[in-house]
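# Observations on the model geometry
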Amino acid sequence: IKAAKRVVGRYLTTIAGRDLHVPLWIQHYNMVENLKRVAPLAEKAGVVLGIEPTNEQGFPGMLIHHIGDAYAVVRAVDSPAARLVFDAFHVQGMDGDLIRNFDRTRDAIGIIQIADNPERLEPGTGEINFVNFLRHVRASGYAGLVELEHAVGRPGADGEQAALSDLQAINAAISASE
């Protein structure tokens, strides 16, 4: 919380490692109980604990890999300071069906992160149809944070400019359909 205040941040992404010697259900329970203890402090400080499921292929050994498990943790903590991080890259890699999973978890989402699958690069470099997904997000009335969390697939300033152009094209396509 102190670090968030220093950098004027509001969201703290929370992930947990898994202990292979302890049953998964006990670890999930302990994560919920620990977050319940921290949530009042986060509420008082005006920060949000973002519970993020991660892709098992890229982040082995983490406790939460599926969007449904992260959603269950957020609902069990039952605090406005505990919200779901809906990372398109991780959700697509582990569970697929972005739009349906977004709808299922919409009430608990605090942050949407954008990166394409399978390489965690800018939108348009992989399998995710970001025009359809983001059009659906916008139509849902979601007004929370949407952040880019991807690498750039092409090197140098030209690659960065191409990535920005691709993002502008996605935005234009979303806007054109409204």
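Residues numbered from 1 in each chain as written. Predicted model: local features only at pLDDT ≥ 70, side-chain atom pairs only at ≥ 80, totals over all residues. Heavy atoms only, no water.

### Let's talk about the sheet that holds strand S5 (residues 145-148)
Applied cut-off: Only when DSSP finds a minimum of two bridges between them are two strands counted as paired. Secondary structure elements are taken from DSSP: a helix is a run of H or I of four residues or more, a strand is a run of E of two residues or more, and numbering for both begins at the N terminus. To get an axis, fit a line to the C-alpha atoms, keeping to the stretch in contact for a helix; angles then go from 0 to 180 degrees between the N-to-C directions. Contacts: residue pairs with any heavy atoms within 4.5 Å of one another.
The strand order across the open sheet formed by five strands is S1-S2-S3-S4-S5, and the pairing between neighbours is parallel. One side of each edge strand has no neighbouring strand; the edge strands of this open sheet are strand S1 (11-14) and S5. Strand-to-strand twist across the sheet, computed as the mean angle between neighbouring axes with direction ignored, equals 30 degrees. One ladder, built from four bridges, connects S1 with strand S2 (residues 48-51); its direction is parallel. Paired with tyrosine 11 across the bridge in S2 is valine 48. Strands S1 and S2 of the sheet are contacted by helix H2 (residues 24-45), whose axis makes an angle of about 155 degrees with S2.

### Some points on the packing of helix H6 (residues 130-139) against helix H7 (residues 156-176)
Operational definition: Under this scheme an angle from 65 to 115 degrees is roughly perpendicular, one under 35 degrees roughly parallel, and one over 145 degrees roughly antiparallel; angles in between are oblique. Note: crossing handedness is left-handed where the near helix turns anticlockwise from the far helix by less than a right angle, and right-handed where it turns clockwise.
H7 packs onto H6 with a crossing angle of 55 degrees between their chain directions and a minimal axis gap of 9 Å. The orientation of H6 relative to H7 falls into the category oblique. Our pair here, H6 against H7, has a crossing hand that is right-handed. Here Phe130, Val131, Leu134, Arg135 and Arg138 of H6 lie close against H7, whose contacting residues are Ile170, Asn171, Ala173, Ile174 and Ser175.

### Digging into H2
Using the following cut-off: Each residue after the first adds 1.5 Å to the expected span of a helix. Note that bend, as reported per residue, equals the angle between axes fitted to the 7 residues terminating at that residue and the 7 residues originating from it.
If you check H2, its first and last C-alpha atoms are 31 Å apart, about what 22 residues at 1.5 Å a residue would give, namely 32 Å. At valine 38, H2 shows its largest kink, close to 35 degrees, and the proline proline 40 lies no more than four residues downstream. Taken together, the buried residues of H2 touch S1, S2 and helix H3 (67-77). Positive phi appears at glycine 46, one or two residues downstream of H2, with a value of about 75 degrees.

### A short note on unusual backbone geometry
Proline 118 follows asparagine 117 through a cis peptide bond whose omega is 20 degrees. By the element assignment, proline 118 lies in the loop between strand S4 (109-114) and H6.

### Things to note about the packing of aromatic side chains
Each aromatic ring pair is specified by the distance between its two centres and by the angle formed by the two planes. Definition in use: To pair, rings of Phe, Tyr and Trp, with the six-membered ring standing in for Trp, must have centres within 6.5 Å; the planes then decide the type, stacked if under 30 degrees apart, edge-to-face if over 60, and tilted in the middle. Burial here depends on accessible area, computed with a 1.4 Å probe over protein chains only, as a share of the maximum for the residue type. Under 20% is buried, over 50% is exposed, and the range in between is partly exposed.
Tallied over the entire structure, the rule returns four aromatic pairs. Relative to phenylalanine 133, the ring of phenylalanine 86 has its centre 5.8 Å away and its plane inclined at 15 degrees; by these criteria the two rings are stacked. Taken together, the residues phenylalanine 86 in strand S3 (residues 82-87) and phenylalanine 133 in helix H6 connect sequence positions 47 residues apart. Each of the two residues, phenylalanine 86 as well as phenylalanine 133, counts as buried. With a centroid separation of 6.3 Å and 80 degrees between ring planes, the pair formed by phenylalanine 102 and tyrosine 142 is classed as edge-to-face. Of this pair, phenylalanine 102 sits in helix H5 (residues 98-105) while tyrosine 142 is found in the loop between H6 and S5, placing the two residues 40 residues apart along the sequence. The exposure class of phenylalanine 102 is buried, given its relative accessible area of 0%. When its relative accessible area of 10% is taken as the criterion, tyrosine 142 is described as buried. Pairwise contacts between aromatic rings join Phe86, Phe102, Phe133 and Tyr142 into one cluster.

The quantities given are spatial measurements derived from coordinates; they are silent on function.
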